[in-house]
Amino acid sequence: MFEYVQDLPQAFAIPIQWVVQYPGMPLDQLKAGLGSFHPPQGCTRLRNHPNLLSICEKVTADSPTREMTVHGH
């Protein structure tokens, strides 16, 4: 991360402390639910993107396949 922001006068990062992995969703279902979609390059409010919120709710309705805590350095 430091290498990525080294030339910037100011940068912000949000630490990831816990990761939850869910079963995937086929690409054709994602395309059908989202149409043209470009992943956000930062934070996004799901309430402002109802199609994306719907997909997230469908994916997270299943049980996680893996969970882990990320330990800092």
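Up top is the structure these notes are about.
A brief report on the enclosed structure follows. (Residues numbered from 1 in each chain as written. Predicted model: local features only at pLDDT ≥ 70, side-chain atom pairs only at ≥ 80, totals over all residues. Heavy atoms only, no water.)

Here we look at the overall build of the protein
Here is step 1 of the chain: In terms of regular secondary structure, the protein is built from three helices and two strands.
Here is step 2 of the chain: Ordered by position in the sequence, the α and β elements of the protein form the string α-β-α-α-β.
Here is step 3 of the chain: Since a compact globule built from 73 residues should have a radius of gyration of about 11 Å, the 16 Å found for the protein marks it as more spread out than a globular shape.
Here is step 4 of the chain: Each principal axis of the C-alpha distribution contributes one length, and for the protein these read about 40 × 30 × 20 Å.
Here is step 5 of the chain: With the model as given, the accessible surface of the protein reaches about 6,900 Å², and the carbon-plus-sulfur share is 55%. (Helix = DSSP H or I, 4+ residues; strand = E, 2+ residues; numbered from the N terminus. Rg over C-alpha atoms; globule rule 2.2 N^0.38 Å. Areas by Shrake-Rupley, 256 points an atom, 1.4 Å probe, with all protein chains shown as cover.)

What about the environment of glutamine 29?
Here is step 1 of the chain: Tracing the sequence through the fold places glutamine 29 in helix H2 (residues 27-34).
Here is step 2 of the chain: In the structure, glutamine 29 is positioned 26 residues away from isoleucine 55 in sequence and 9.0 Å away in space, judged by C-alpha atoms.

Focus: the state of the cysteines
Here is step 1 of the chain: Tallied over the entire structure, the rule returns zero disulfides.
Here is step 2 of the chain: Of the cysteine sulfurs around cysteine 43, a residue in no disulfide, the closest is that of cysteine 56, at 13 Å.
Here is step 3 of the chain: By relative accessible area, which is 74% here, cysteine 43 ends up exposed.
Here is step 4 of the chain: Its relative accessible area of 29% is what places cysteine 56 among the partly exposed residues. (Disulfide = S-S within 2.5 Å. Buried < 20%, exposed > 50% of the residue type's maximum accessible area, 1.4 Å probe, protein only.)

Brief notes about the packing of H2 against helix H3 (residues 50-60)
Here is step 1 of the chain: The N-to-C vectors of H2 and H3 enclose an angle of 145°; their axes lie 9 Å apart at closest approach. Seen from H2, the contacting residues are Gln29, Leu30, Gly33 and Leu34; seen from H3, they are Asn51, Leu52 and Ile55.
Here is step 2 of the chain: Classifying every residue of the contact of H2 with H3 gives four nonpolar, three polar and no charged. (Axes fitted to C-alpha atoms, helices over the stretch in contact; angles between N-to-C directions. Contact = heavy atoms within 4.5 Å. Nonpolar A, V, L, I, M, F, W, Y, C, P; charged D, E, K, R; others polar.)

Points about the environment of valine 59
Here is step 1 of the chain: As for its position among the elements, valine 59 is in helix H3.
Here is step 2 of the chain: Linking valine 59 and tyrosine 22, residues 37 residues apart in sequence, is a C-alpha distance of 6.7 Å.
Here is step 3 of the chain: When neighbours within four sequence positions are excluded, valine 59 is seen to be in contact with Tyr22, Pro23 and Met25.

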